[in-house]
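Observations on the model geometry
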Number of protein chains: 4
Amino acid sequence: MHVLSKNILNQIITTRPSESHKGNYGRVLTVGGNSQFGGAIILATSAVIHCGAGLSTCATSVDNLTALHTIVPEAMFIPFDSEYKLIDALTNADVILVGPGLGTNEDSLKILQIVLQHAIPEQQLIIDGSAITMIAEHHEFLPFLKELHPILTPHQMEWQRLSNIKISEQDDIKNTLYQQKLQSTVVLKKYHTTIYHRDGSISQLAIGGPYMATGGMGDTLAGMIAGFLAQFKLKNYDYVVDAAVYAHSAIADKISTTKYVVLPTNIITEIQSFMKLSVAP
Amino acid sequence: MHVLSKNILNQIITTRPSESHKGNYGRVLTVGGNSQFGGAIILATSAVIHCGAGLSTCATSVDNLTALHTIVPEAMFIPFDSEYKLIDALTNADVILVGPGLGTNEDSLKILQIVLQHAIPEQQLIIDGSAITMIAEHHEFLPFLKELHPILTPHQMEWQRLSNIKISEQDDIKNTLYQQKLQSTVVLKKYHTTIYHRDGSISQLAIGGPYMATGGMGDTLAGMIAGFLAQFKLKNYDYVVDAAVYAHSAIADKISTTKYVVLPTNIITEIQSFMKLSVAP
Amino acid sequence: MHVLSKNILNQIITTRPSESHKGNYGRVLTVGGNSQFGGAIILATSAVIHCGAGLSTCATSVDNLTALHTIVPEAMFIPFDSEYKLIDALTNADVILVGPGLGTNEDSLKILQIVLQHAIPEQQLIIDGSAITMIAEHHEFLPFLKELHPILTPHQMEWQRLSNIKISEQDDIKNTLYQQKLQSTVVLKKYHTTIYHRDGSISQLAIGGPYMATGGMGDTLAGMIAGFLAQFKLKNYDYVVDAAVYAHSAIADKISTTKYVVLPTNIITEIQSFMKLSVAP
Amino acid sequence: MHVLSKNILNQIITTRPSESHKGNYGRVLTVGGNSQFGGAIILATSAVIHCGAGLSTCATSVDNLTALHTIVPEAMFIPFDSEYKLIDALTNADVILVGPGLGTNEDSLKILQIVLQHAIPEQQLIIDGSAITMIAEHHEFLPFLKELHPILTPHQMEWQRLSNIKISEQDDIKNTLYQQKLQSTVVLKKYHTTIYHRDGSISQLAIGGPYMATGGMGDTLAGMIAGFLAQFKLKNYDYVVDAAVYAHSAIADKISTTKYVVLPTNIITEIQSFMKLSVAP
């Protein structure tokens, strides 16, 4: 087990090469946000963009179009219930994030199915929130995990649903055993998040705190992982995930020195400055 | 009668335990905002979230969905005219705030009725704004108060409607007598707000000022009470209400040193920093 | 002719009496904003609220509901094409502002007619923008001016349409002659705005500048006049208008020291602080 | 070839004459933003307004109305699929920007056609984004370029589509040869953007950097060119374009000292202050 330190940041967040364009920093597709949980996918998409992904498209309910454009006019939109447009966007993405605010009804299930069927191993797939719950309930989705090697970002209850390991019994050995079966990276969100990498190594977060215990925080983390993977694709994959997870909590820690609770939108606002300060001189 | 001082703040606003998650900080349901008064419930919900409640859902007119998500993407949404969804959300809430911008027509009445019928004494219920007016006009609702022991947050005219005590005749003795019959906490909003607790004790606010005399201020207070109750549920209930009321005016006083009038959105922006400064060192 | 100086500000903007509530600071109704020019009425309403009016309702196209609530959740909304609701709101208002973004088609005309028919001399009426153009084209409206003694806020072309005095021939004598016939206050917006009061006195603005030459600036001024009249209703009426006009340009002058152009939203953001600084010590 | 230096700024951005009004600073019409790419035209329009254009109207999908008004209430709106309103707005504009987020389907094509048919050489026309792609695919549009002498703002792939010069073979000689045939100004966006003027002169940008490699950046540039042309119409046309392009990257460079990536909204926020600092003392 490796305890993450701030060194991880300047290994990943380096000065960009001068001659580069937005194509070099990846196309991200975020999929989620039904008419009840629209904020979740908006936060995730906003995090993607503030991290510096090249181009971001958000596939969500049309009910969320205006709030999305108002909060991040930099994002493009497609209605997530247009199968044709969703497949087209999936085909064009480098990184796909599915789950924030997606819900768990029949429509959500259909969308998740389309994502899993059309994603390919060469793309980077992050599965978050209600998408994890649906996979836990539909074991026919498990083979997709083994083929696509996604990153899963469950909190402890979602991990229990997926792994059948009760929260009280979750430990690194049991978690690793199940995670290795899934052939997926698992970012297990809890007081001091643990990351189980596909090679069996474990990264342990020792920062972050209870001021982060508020709705939307996980959606923002998932967006940051997507944004980091999109632009740092030439770097070590596991380190990129570690860096995103570390950055998310490090920003929260910083904000918590002046705010009692840290809201997701506070974190998003600070991403660009934090990343600048993280570049090795 | 006890005059509130800033000591109330650091009794309630204490450092959070390290190992805690959003479930520890409560689920709040805010109910209100018809198509004419949407801003009221958005301000209330935004206040809830900035105070640090764990999870917040806003049951409002679908007309307010986009403005809600744009102002606080951290909030979840349900259409308040879906009886099924509203009951489901009521069942899952720890704290319920009903009234800001709810209106007083037939639809408003129906929604209030659903809230009162499905809330249980173990939940904390705050009744504000037009919901108070409707209760004053529909005495069949009074038994619910005696069962649910809510917090009522009337301004003086709403209190007159409910208690039949004319504004000019409202004093602590008359107010207490009626409030005790209601078996409810009463936060009587006026120049120097008075809080009548269920045990008969009275808390008197001596701060705040005329720069707060603007629309939406009461909605914001109601949201702060809800947000405080959600996360400080292990603390003395009466003190938590006192602390929320005190914090609301203390923030306004601070802002008024640089602004002629203090708007609700100004207060909301400062809640997180103010609470941080209020934690005992 | 009296050249306005900053003394006008601390005559009007004084410390509020401690025991006062939002009812003391007036109810403002803003009417305008069709589906093409929604921004105009949103800016005006936002200015009203930032000045410190007690309660503000915006009667506008339903197309503008969400942008209004997002920009100023403190405002209430009514659909301006609901005759019943509009009349009800008119009856309850202390100050009425009609015109920003109202347009000049049949629907606009109908709305203006309702406003003029239901406003009463005891209310303060401000007529701006396209409402002035419509009055110029419909002389049957002129008797309403003589009865209601409104404030008109034309720019020079609108004044030409109304008065038939060509821009090149507009001077204080000709302007006063026509303005006296209208029995209205006229705020003639131009390089150094001139205010023609009903008693025949003339106030001349000597501040402001070309950085203010941008769309929405007049709407913001109209909103500030409404916001000042609402809360300073016990002060000398003419001085209140003078103070609002002076404050609008003084804020712009201040902002222009750091910005090449001053946008209406910049001004609105600074109103509260500016007014605080204007209170006599 | 002329390398642009910051001297270009104070040649163009000069103190405005005192006696001027919004008519002096131009009417801009921005056309674009279908229901998928609404953010693009909102960013462009916001850039126009922050630069200081006198009056701005945005012709876009009605789906974008609310986000537009929320982000820039200073902008006016028309639905871009109303042929009558679009033609009317085209007739009244001094500067027209077409393309950001317009898309490339049949409806987009129709709108582009209307713009090209109704624009006149006395107006300044900027063609950006998908409008360039459509012109590349529809050679029947090329005669309009020769008549209207627009500014084209392609990135390298769009220029390849239009000119048939592969990206790897694009150099000043080949580019100039084709650009001269088009009788248009070409702002070729790339690492160090090059501007090909109609008189055959070439301006070379030597500032800007990879922190600008993010979606919406080009839309913002197009908006700034439009905003500069609108208000600086009495200045040398080529220099105005140069100044807008230079300012866009200079602002980004400044922001990049504190942010890892620079978002379009960051640039827009800084335009007014940057322009103020650029005025010769």
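If you check an unreviewed UniProt entry, chain A appears there as ADP-dependent (S)-NAD(P)H-hydrate dehydratase from Liquorilactobacillus mali KCTC 3596 = DSM 20444. The UniProt entry for chain A carries this comment under Sequence similarities (unreviewed entry): "Belongs to the NnrD/CARKD family." Chain A has a UniProt comment under Subunit (unreviewed entry) that states "Homotetramer."

**Overview of the relation of the copies chain C and chain B**
For the pair chain C and chain B, the best superposition has an RMSD of 0.0 Å and corresponds to a rotation of 90° with a translation of 0.0 Å parallel to the axis. Within this description, the copies of the chain are treated as partners about a four-fold rotation axis. Residue by residue, only 6% of the interface of chain C is reproduced at the interface of chain B, so the copies engage with different surfaces.

**As for the packing of aromatic side chains**
Counted according to the given criterion, the structure contains 16 aromatic pairs over all chains. Their ring planes at 70° and their centres at 5.4 Å tell us that Phe 228 of chain A and Phe 232 of chain A sit as a pair that is edge-to-face. Judged by its relative accessible area of 0%, Phe 228 of chain A falls in the buried class. Under the relative-accessibility criterion, Phe 232 of chain A is labelled buried at 5%. With centroids separated by 6.3 Å and ring planes inclined at 50°, the aromatic side chains of Phe 232 of chain A and Tyr 260 of chain D adopt a geometry described as tilted. With one member in each of two chains, Phe 232 of chain A in the loop between helix H10 (217–231) and helix H11 (237–255) and Tyr 260 of chain D in the loop between helix H11 (237–255) and helix H12 (264–278) form a pair that bridges those chains. As far as burial versus exposure is concerned, Phe 232 of chain A and Tyr 260 of chain D are alike and both buried.

**Observations concerning the relation of the copies chain A and chain D**
Its rotation angle being 90°, the transformation that places chain A on chain D also includes 0.0 Å of axial translation and leaves an RMSD of 0.0 Å. Taken together, the interface assignments show that only 6% of the residues at the interface of chain A recur at the interface of chain D, consistent with different surfaces on the two copies.

**Comments concerning the interface of chain A and chain D**
The partner chain D presents 31 residues to the 33 residues of chain A that form the contact. For the pair chain A and chain D, the summed buried area comes to about 2600 Å², and 61% of that belongs to carbon and sulfur atoms. In this assembly, chain A and chain D are joined by 0 salt bridges. Within the residue set of the side of chain A that touches chain D, elements represented by two or more residues are helix H2 (38–51), helix H3 (65–71), strand S4 (76–79) and helix H12 (264–278) of chain A.

**Some thoughts on helix H6 (residues 130–137) of chain A**
Residue and element names in this part refer to chain A. Of all 8 residues in H6, 7 are buried; the element is thus mostly enclosed. Those residues of H6 lying buried are Ser 130, Ala 131, Ile 132, Thr 133, Met 134, Ile 135 and Ala 136. On the buried face of H6, the contacting elements are strand S5 (95–98), helix H5 (106–118), strand S6 (124–128), helix H7 (142–148), strand S7 (151–153) and helix H8 (156–163).

**Some words on the UniProt feature "binding site: AMP" (unreviewed entry) in chain A**
All names here are of chain A. In this numbering, the UniProt entry assigns the feature "binding site: AMP" (unreviewed entry) to Lys 189, Lys 190, Tyr 191, His 192, Thr 193 and Gly 218. These annotated residues cover 30 residues of sequence, and their C-alpha atoms all fall within 13.2 Å of one another, placing them together at a single site. Residue position: Lys 189 is located in the loop between strand S8 (185–188) and strand S9 (194–196). A relative accessible area of 16% means that Lys 189 is categorised as buried. Each residue touching Lys 189, except ones within four places of it in the same chain, is listed here: Asp 128, Thr 153, Pro 154, His 155, Gln 156, Gly 218 and Leu 221. Take Gly 218: it is sitting in helix H10. With residues up to four places along the chain from it excluded, the contact list for Gly 218 reads Asp 128 and Lys 189.

**Focus on the state of the cysteines**
A covalent bond bridging the sulfur atoms of two cysteines is what the word disulfide describes. Tallied over the full model, the rule gives 0 disulfides over all chains. Distance from the sulfur of Cys 58 of chain A, which forms no disulfide, to the nearest cysteine sulfur (Cys 51 of chain A) is 15 Å.

**Things to note about the sheet that holds strand S9 (residues 194–196) of chain B**
Residues and elements named next belong to chain B. Pairing within the open sheet is mixed, and its 10 strands lie in the order S1-S10-S9-S8-S7-S6-S5-S2-S3-S4. Every interior strand has two partners, whereas the edge strands, strand S1 (2–3) and strand S4 (76–79), have only one. Pairing analysis gives 4 bridges linking strand S2 (residues 27–31) to strand S5 (residues 95–98), with the strands arranged parallel. Note on S5: the bridge partner recorded for Val 31 is Val 98. On top of the sheet, helix H4 (residues 83–92) reaches S2, strand S3 (55–60), S4 and S5; it is set at about 140° to S2, its chief contact. Running at roughly 85° to strand S6 (residues 124–128), helix H6 (residues 130–137) makes contact with S5, S6 and strand S7 (151–153) of the sheet.

**With respect to the UniProt feature "binding site: (6S)-NADPHX" (unreviewed entry) in chain A**
Residues and elements named next belong to chain A. Feature annotation in UniProt assigns "binding site: (6S)-NADPHX" (unreviewed entry) to the following positions: Ala 40, Gly 101, His 155 and Asp 219. Residue placement: Ala 40 occurs in helix H2. With a relative accessible area of 11%, Ala 40 lands in the buried category. In this structure His 155 touches Leu 188 and Lys 189, once residues within four positions along its chain are discounted.

**Quick notes on the interface of chain C and chain B**
With 33 residues of chain C at the contact, the number on the chain B side is 30 residues. When chain C packs against chain B, the two sides together hide about 2600 Å² of surface, and 61% of this comes from carbon and sulfur. When residues of chain C are sorted by the area they lose upon contact with chain B, Arg 16, Glu 74 and Gln 272 of chain C head the list and together hold 24% of the total. Linking chain C with chain B are 0 salt bridges. Viewed at the interface, chain B and chain C are joined by 10 residue pairs in polar contact (both at pLDDT 80 or more). Contributions of two or more residues to the side of chain C that touches chain B are made by helix H2 (38–51), helix H3 (65–71), strand S4 (76–79) and helix H12 (264–278) of chain C.

**A short note on the sheet that holds strand S5 (residues 95–98) of chain C**
Residues and elements named next belong to chain C. In space, the 10 strands of this open sheet follow the order S1-S10-S9-S8-S7-S6-S5-S2-S3-S4, with mixed pairing throughout. The sheet is open, and its two borders are formed by strand S1 (2–3) and S4, each paired with just one other strand. Summarising the sheet, strand S6 (residues 124–128) and strand S7 (residues 151–153) pair through 3 bridges and their orientation is parallel. Pairing of Ile 126 across the sheet is with Ile 151, part of S7. Contacting strand S2 (27–31), strand S3 (55–60), S4 and S5, helix H4 (residues 83–92) crosses the sheet at an angle of about 140° to S2.

**Some remarks on the side chain of Glu 74 of chain C**
Mapped onto the secondary structure, Glu 74 of chain C falls in the loop between H3 and S4. Buried and unpaired, Glu 74 of chain C has Lys 259 of chain B as its nearest opposite-charge partner, separated by 11 Å. At 2.8 Å, the side chain of Glu 74 of chain C forms a polar contact with the side chain of Thr 265 of chain B. Setting aside its immediate chain neighbours within four residues, Glu 74 of chain C contacts Leu 43, Gly 215, Leu 263, Pro 264 and Thr 265 of chain B together with Ile 49 and Ser 56 of chain C.

**Here we look at the packing of H6 of chain B against helix H8 (residues 156–163) of chain B**
To describe two helices that pack against each other, one gives the angle between their axes and the distance between the axes. Residue and element names in this part refer to chain B. At a minimum axis separation of 8 Å, H6 and H8 run at an interaxial angle of 20°. By the angle between their directions, the pair H6 and H8 is classed as roughly parallel. Read as a crossing pair, H6 and H8 show a hand that is left-handed. For the pair H6 and H8, contact is made by Ser 130, Ile 132, Thr 133, Ile 135 and Ala 136 and by Glu 158, Arg 161 and Leu 162, respectively. Tallied by class, residues from the contact of H6 with H8 come to 4 nonpolar, 2 polar and 2 charged.

What counts, and at which threshold
Residues numbered from 1 in each chain as written. Chains lettered and ligands numbered in written order. Predicted model: local features only at pLDDT ≥ 70, side-chain atom pairs only at ≥ 80, totals over all residues. Heavy atoms only, no water. UniProt positions renumbered as here; feature names shortened; annotations may be inferred. Least-squares fit on C-alpha atoms with pLDDT ≥ 70 in both. Contact = heavy atoms within 4.5 Å. Phe/Tyr/Trp six-rings, centres within 6.5 Å; stacked < 30°, edge-to-face > 60°. Buried < 20%, exposed > 50% of the residue type's maximum accessible area, 1.4 Å probe, protein only. Helix = DSSP H or I, 4+ residues; strand = E, 2+ residues; numbered from the N terminus. Buried area = accessible area lost by both parts, 1.4 Å probe. Salt bridge = Lys/Arg side-chain N within 4 Å of Asp/Glu carboxyl O. Disulfide = S-S within 2.5 Å. Pairing = 2+ DSSP bridges. Axes fitted to C-alpha atoms, helices over the stretch in contact; angles between N-to-C directions. Polar contact = N/O pair within 3.5 Å; in protein donor to acceptor, adjacent residues only side chain to side chain. Lys, Arg positive; Asp, Glu negative; His and termini not counted. Parallel < 35°, antiparallel > 145°, perpendicular 65-115°, else oblique. Left-handed = near helix turned anticlockwise from the far one by under 90°. Nonpolar A, V, L, I, M, F, W, Y, C, P; charged D, E, K, R; others polar.

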